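# Commentary on secondary and tertiary structure
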Amino acid sequence: MTPGIRRTGIEKTMKMVLMISALASVLIVLLIFLFTAKEAMPAFREIGIGKMLSDTTWRPGNNQFGILAMIAGSGLVTLGAVFIGVPLALGTAVFLSEIAPLWVAKIVRPSIELLAGIPSVVYGLFGMVVIVPWVRMIPAPGNTGYGLLSASIVLAVMVLPTIANISEFAVRSVPRGYKEGSMALGATKWETISRVIIPAAKPGIISAVVLGLGRALGETIAMIMVIGNSVILPTPVTSNPLSIFLSRARTLTGNIAVEISYATGVHESALFATGVILFILIMLVNSSARFLMRKGARS
Amino acid sequence: MSKLETEVTRMKAEDYCLFYGNFRALNNISIEIPTNRITAFIGPSGCGKSTLLRSFNRMNDLIPGVTTTGTVYLDGRNVAQEDVVELRKNVGMVFQRPNPFPKSIFDNVAYGPRLHGTRNRSDLAVLVEKSLKRAALWEEVKDDLHKSGMSLSGGQQQRLCIARAIAVEPEVILMDEPASALDPVATLRIEELMNELKKNYTIAIVTHNMQQAGRVSDYTAFLLTDENRAGNLIEFGPTKQIFTTPSDSRTEDYISGRFG
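### Points about the overall build of chain B
Across its full length, chain B holds ten helices and ten strands. For a compact globule of 260 residues, the expected C-alpha radius of gyration is about 18 Å, and chain B comes in at 18 Å, within 12% of that figure. For the C-alpha atoms alone, the extent of chain B along its principal axes is close to 55 × 40 × 35 Å. Within chain B, buried positions represent 47% of all 260 residues. For chain B, the share of sequence-separated contacts (at least 6 apart) that also reach a separation of at least 24 residues comes to 69%.

The following block contains the structure:
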């Protein structure tokens, strides 16, 4: 073989190898979806996807597999986390990029990155010993501290790094000219931030929040540890509608993790079906984030 | 030929020095900006002409580590003791790169007035129209006021920025190489506009383009760095005099294109 032919051969092989590595992740996503969906098929066939999504009763011993209560649990805890976490994250992002002196930013930014690296089971422990006892102090009938409020607080801290990081990047990417233009017109720093910088960074901030949503929906172990895990449709415990957050609940993810170790037959398949629904939900959330980001980049 | 002695001084720098940390960027500058005239700051890159311009509305305050000595005056008042918001309302600025906000044309022009308390929609509409007319942009955009300011051409964007600066009714407009990012036709329109604007405003312009300084300005200041890279004011006088009979040989060398 001449060296020329050998080199073209290597060239071609390497191209293939690199392409296969790149395609591997696509393939893995597909495989995960296919195999989960395959295991979920018996449940979808026997119970029906409509019945699963609309029924609030989950009683595997009774052959009742409605996951609406868990959808509500996941939805509410995510909503709560967004309400608490987004202002905190946005404040952090604006503070770091516009206000903090360099040395302060140098301390705060790594701490936030550290927050992202803490294992979620540790968040769960923290929630159990700190947040739950706090929440328990709210006087309400049947309030044990375990429930949606505690879970929302824990989750808010967990999604903070995601939202803060991406929002900070969005705020930082606002051209300096906007800021100078605003200041030169006699705007104060805060007026400039609220009227020019945040509006200009809005597409990035929205996609940061949506990515945070995706993360929140997928969180499992920390939620199991603080949310109470009762399969009930959350309802307000007092006359105040906000007291719904003192209710116990169970998330879609928690449901799978708690029961999969002993489930068999249709029960097991129903848990896989829950996984498929969760998968689709998160995929929708993430692709909408991507869409928003692209739309923002274009305008 | 115009004479400085007969002019009314609008702004003034006196023994003004500016430091970035320990580095002296401006050295002992004393200059007067006459009312309703166009004053050009020329000089090679890095001579401090933009820094000097930004001293008049205290934009250098935004840069960490900047300290100054000496005094800058607006109408005889020390600007360092003025409320910076009030100062910048009186001394507007147009930047090198057109920087309209990602908002509608209307909201761009209304931005300043809203900040300073004009909320009434019809008052704002009157002000926006007046400002856009003064900036010679009204005819081109009057039917598209809701469109994004970013959708305009570069020259139109720069006139929008001029309208935005005018809308807060300043006394002085500072222009930092306002045409350097524009094509020759758009540049000409900006220059014509400046001639129109000087009837109502006092204008100071930084330019690296000597023909431009010669065409538009009434007075010219030539700045140059010394051996320590600090910017010094070499010569200041009526533009005609600076361009025809400069008293300093360095001015002559620069004007005639021997360096810079």
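### Topic: the overall build of chain A
The helix and strand tally for chain A stands at eleven helices and two strands. Mapped in sequence order, the helices and strands of chain A form the string α-α-β-β-α-α-α-α-α-α-α-α-α. Taken across its 299 residues, chain A has 40% of its residues classed as buried. When contacts within chain A are restricted to residue pairs at least 6 apart in sequence, long-range pairs at least 24 apart make up 75% of them.

### Brief notes about the pairing of strand β3 (residues 38-42) of chain B
Residues and elements named next belong to chain B. Of all five residues that make up β3, five are buried, and the element is covered over most of its length. Covered by surrounding structure in β3 are I38, A40 and I42 together with T39 and F41, the residues of both alternating faces. Where β3 meets strand β8 (residues 202-206), four bridges bridge the pair, whose relative direction is parallel. Looking at the pairing, I38 lines up with I203 of β8. Bridge count for β3 against strand β9 (residues 219-225) is four bridges, and the pairing is parallel. Residue pairing in the sheet places A40 in a bridge with T220 of β9.

### Concerning the pairing of strand β10 (residues 231-238) of chain B
Across seven bridges, β9 of chain B lies against β10 of chain B in antiparallel orientation. Looking across to β10 of chain B, one finds that T225 of chain B is bridged to G231 of chain B.

### Quick look at the packing of helix α3 (residues 105-115) of chain B against helix α4 (residues 121-134) of chain B
Residues and elements named next belong to chain B. At their nearest, the axes of α3 and α4 sit 9 Å apart, and the two run at 110° to each other. Judged on the interaxial angle alone, α4 and α3 are roughly perpendicular. Facing α3, whose interface residues are F106, V109, A110 and P113, α4 presents L124, L127, V128, S131 and L132. For the contact of α3 with α4, the residue count by class is eight nonpolar, one polar and no charged.

### Focus: the packing of helix α4 (residues 102-117) of chain A against helix α6 (residues 148-172) of chain A
Residues and elements named next belong to chain A. Look at α4 against α6: their axes get within 8 Å of each other, and the N-to-C directions meet at 135°. The pairing of α4 with α6 is recorded here as oblique in orientation. Read as a crossing pair, α4 and α6 show a hand that is left-handed. Here I112, E113, L115 and A116 of α4 come into contact with α6, specifically with L160, P161 and A164. Grouping the constituent residues of the contact of α4 with α6 by class yields six nonpolar, no polar and one charged.

### With respect to the interface of chain A and chain B
Counting residues at the interface gives 13 residues for chain A and 19 residues for chain B. Those elements giving two or more residues to the side of chain A that touches chain B turn out to be α7 (176-184) and α8 (189-218) of chain A. Among the elements that line the side of chain A that touches chain B, the one with the most residues is α7 of chain A, at six residues. The residue inventory of the side of chain A that touches chain B, partitioned by class, reads seven nonpolar, four polar and two charged.

### Describing the environment of M293 of chain A
Residues and elements named next belong to chain A. Turning to its location among the elements, M293 is positioned in helix α11 (residues 265-298). Here the alpha-carbon distance between M293 and T56, two residues 237 residues apart in the chain, equals 36 Å. In this view, M293 contacts P203, G204 and S207; residues no more than four positions away in its chain are not counted.

### A short note on α4 of chain A
In this model, α4 of chain A (16 residues) spans 23 Å end to end at C-alpha, consistent with the 22 Å of a helix rising 1.5 Å per residue. Summarising burial for α4 of chain A: zero of the 16 residues are buried, a small minority.

### A word on unusual backbone geometry
Peptide bonds are trans in most cases, and residues, glycine excluded, mostly fall at negative phi. Residues and elements named next belong to chain B. If you check the backbone angles, E169 has positive phi at about 55° while not being a glycine. The topology assignment puts E169 in the loop between α6 (154-166) and β7 (172-176). Its identity as a non-glycine residue notwithstanding, R229 has a phi of 65°, on the positive side. Relative to the helices and strands, R229 is located in the loop between β9 and β10.

### A closer look at the confidence of the model for chain B
Residues and elements named next belong to chain B. Taken residue by residue, chain B gives an average pLDDT of 93. The fraction at 70 or more is 99%. β8 holds the highest mean pLDDT among the elements of chain B, 97, whereas helix α10 (residues 249-255) holds the lowest, 91. Two numbers describe this predicted complex: its pTM, 0.82, and its ipTM, 0.91.

Analysis parameters
Within each chain, residue numbers correspond to sequence positions counted from 1 in written order. Naming scheme: in the order in which they are written, chains are lettered from A and ligands are numbered from 1. Owing to the predicted nature of the model, reporting of local features is limited to residues with pLDDT of at least 70; listing and counting of side-chain atom pairs is limited to 80 or more, with chain, interface and lining totals taken over all residues. Secondary structure elements follow DSSP: runs of H or I of four or more residues count as helices, runs of E of two or more count as strands, with numbering from the N terminus. We compute the radius of gyration from the C-alpha atoms alone; for a globule the expected value is 2.2 Å times N to the 0.38, where N is the number of residues. Exposure in this text rests on C-beta crowding, where 20 or more other C-beta atoms within 10 Å of a residue's own make it buried, 12 or fewer make it exposed, and counts in between make it partly exposed. The C-beta atoms are placed from the backbone. Throughout, a pair of residues is in contact if the C-beta atoms placed from their backbones lie within 7 Å. When DSSP finds two or more bridges between a pair of strands, those strands are recorded as paired. The angle between two axes is taken between their N-to-C directions and runs from 0 to 180 degrees, where each axis is a line fitted to C-alpha atoms and a helix contributes only its stretch in contact. Any angle from 65 to 115 degrees is called roughly perpendicular, while one under 35 is roughly parallel, one over 145 is roughly antiparallel, and all others are oblique. By the convention adopted, Pro, Cys, Tyr, Trp, Phe, Met, Ile, Leu, Val and Ala count as nonpolar, Lys, Arg, Asp and Glu as charged, and the other residues, Gly among them, as polar. Crossing chirality is assigned from the near helix's rotation relative to the far helix, an anticlockwise turn below a right angle marking it left-handed and a clockwise turn marking it right-handed. Take the number of residues in a helix, subtract one, and multiply by 1.5 Å to get its expected span. Per-residue confidence from the prediction method is given by pLDDT, with values spanning 0 to 100.

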